[in-house]
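Residues per chain, in single letters:
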Amino acid sequence: KSNEITAIRELLLLLDLRGALVTADAMHCQRETAALICERGGAYVLACKSNQEELHEDIRTFFADAEQSFERHQDTDGGHGRVEVRRVRVSHDVGWLRARHEWPSLAGVGCVERQWEEDGKPRRSVRYFIMSKPMPAAEMARVVRAHWQIENALNWVLDVTFDEDGQRNRKDATAENLSALRRIALNLARLEPSKGSMRGKLKRAAWNENFLASLLHAAENI
């Protein structure tokens, strides 16, 4: 019965973060959240957008300065019918930024630029990040990519395939219970070895009792 910003802080209090690296979207780019992660023994990489307007603008201006020296990394990935180029720049020269914004344990900033072509038109996106753990640009690229993979593999599937964001179950523990059941169903469907989309597997399970049984028994083969 709280918003996501306060909920993640309650979750962090339950976790042993010693030696862990916590990544989160821009919604959680909050001083209190960053401080709590560090107090619990973890490190953070947080996306920074306009919800932290002054911090975001300072980082954007910093990376727009051609005179600055950044550590760089680039990789190219082909998939889903398109080629995507990702360029990562990192700087740990952030004493001025830490002093200006009093951000907890700030150790570096990163910029991830993505370029691809869609419907015959060039596309480009730029995202900025803050970090409490110094890391080279190649490691920064892996961390950001891993976070996006979680977003695409879990959150997107739950929202699009299970329509989780559209659910209005609120009475007692129904929302929590149904959320747990969706994740169980998602994991069981992933364990089933046949090819096909997640939506297709769920439809097959609804139409075919034998296939449903194979999903329910998939975990036995682990």
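Residues numbered from 1 in each chain as written. Predicted model: local features only at pLDDT ≥ 70, side-chain atom pairs only at ≥ 80, totals over all residues. Heavy atoms only, no water.

Focus on the overall build of the chain
Here is step 1: When helices and strands are tallied, the chain shows 8 helices and 6 strands.
Here is step 2: Taken from N to C terminus, the helices and strands of the chain fall in the order α-β-α-β-α-β-β-α-β-β-α-α-α-α.
Here is step 3: Residues classed as buried in the chain amount to 37% of the 222 residues present.
Here is step 4: Here the contacts in the chain between residues at least 6 apart in sequence split such that 51% fall between residues at least 24 apart.
Here is step 5: Total accessible area on the chain is roughly 13800 Å²; 50% of this is exposed by carbon and sulfur atoms. (Helix = DSSP H or I, 4+ residues; strand = E, 2+ residues; numbered from the N terminus. Buried < 20%, exposed > 50% of the residue type's maximum accessible area, 1.4 Å probe, protein only. Contact = heavy atoms within 4.5 Å. Areas by Shrake-Rupley, 256 points an atom, 1.4 Å probe, with all protein chains shown as cover.)

Some words on helix H2 (residues 31–39)
An α-helical turn contains 3.6 residues, so any two residues separated by three or four positions project in the same direction.
Here is step 1: Of the residues making up H2, those classed as buried are Thr-33, Ala-34, Leu-36 and Ile-37. Mapping the buried residues of H2 onto a view down its axis gives an arc of 160°, with all of them on the same face.
Here is step 2: Once H2 ends, the next one or two residues include Gly-41, with phi positive near 95°. (Arc of directions from axis to C-beta.)

Digging into the pairing of strand S6 (residues 121–131)
Here is step 1: Where strand S2 (residues 43–48) meets S6, 4 bridges bridge the pair, whose relative direction is antiparallel. Directly across from Val-45, in S6, lies its bridge partner Met-131.
Here is step 2: Where strand S5 (residues 108–118) meets S6, 11 bridges bridge the pair, whose relative direction is antiparallel. If you follow Gly-108 over to S6, its bridge partner there is Met-131.
Here is step 3: Here S5 folds back onto S6, and the loop between the two strands holds 2 residues, one of which, Asp-119, carries a positive phi near 55°. (Pairing = 2+ DSSP bridges.)

Observations concerning the environment of Asp-119
Here is step 1: Position of Asp-119 relative to the elements: it lies in the loop between S5 and S6.
Here is step 2: Sequence separation between Asp-119 and Arg-82 is 37 residues; the distance between their C-alpha atoms is 9.9 Å.

Details of the side chain of Gln-52
Here is step 1: Structurally, Gln-52 is set in the loop between S2 and helix H3 (53–64).
Here is step 2: What makes Gln-52 buried here is its relative accessible area of 14%.
Here is step 3: Separated by 2.9 Å, the side chain of Gln-52 and the backbone oxygen of Cys-29 make a polar contact.
Here is step 4: Among all residues touching Gln-52, those that are not within four sequence positions of it are Cys-29, Gln-30, Arg-31 and Trp-103. (Polar contact = N/O pair within 3.5 Å; in protein donor to acceptor, adjacent residues only side chain to side chain.)

Section: empty space enclosed by the protein
Here is step 1: For the structure shown, the criterion picks out 2 cavities of 30 Å³ or more.
Here is step 2: Volume-wise, the largest cavity comes out at about 50 Å³.
Here is step 3: In this structure, the largest cavity is lined by Thr-23, Ala-24, Val-45, Ala-47, Phe-129, Val-143, Val-144 and His-147.
Here is step 4: When residues of the lining of the largest cavity are traced back to their parent elements, those giving at least two are strand S1 (21–24), S2 and helix H5 (137–160).
Here is step 5: Grouping the amino acids of the lining of the largest cavity by side-chain chemistry returns 6 nonpolar, 2 polar and no charged.
Here is step 6: Roughly 40 Å³ of internal volume is contained in the second largest cavity.
Here is step 7: As for the second largest cavity, its lining consists of Arg-86, Val-88, Val-112, Ala-141, Val-144, Arg-145 and Trp-148.
Here is step 8: If you list the elements that add at least two residues to the lining of the second largest cavity, you get strand S4 (82–91) and H5.
Here is step 9: Ranked by the residues each element gives to the lining of the second largest cavity, the list is headed by H5, at 4 residues. (1 Å grid on protein atoms, 1.4 Å probe; cavity = no way out; pocket = protein on both sides within 12 Å on 5 of 7 lines; lining within 4 Å. Points joined across faces, edges and corners; volume = space filled by probe spheres on them. Nonpolar A, V, L, I, M, F, W, Y, C, P; charged D, E, K, R; others polar.)

Coordinates in, geometry out; function isn't part of it.
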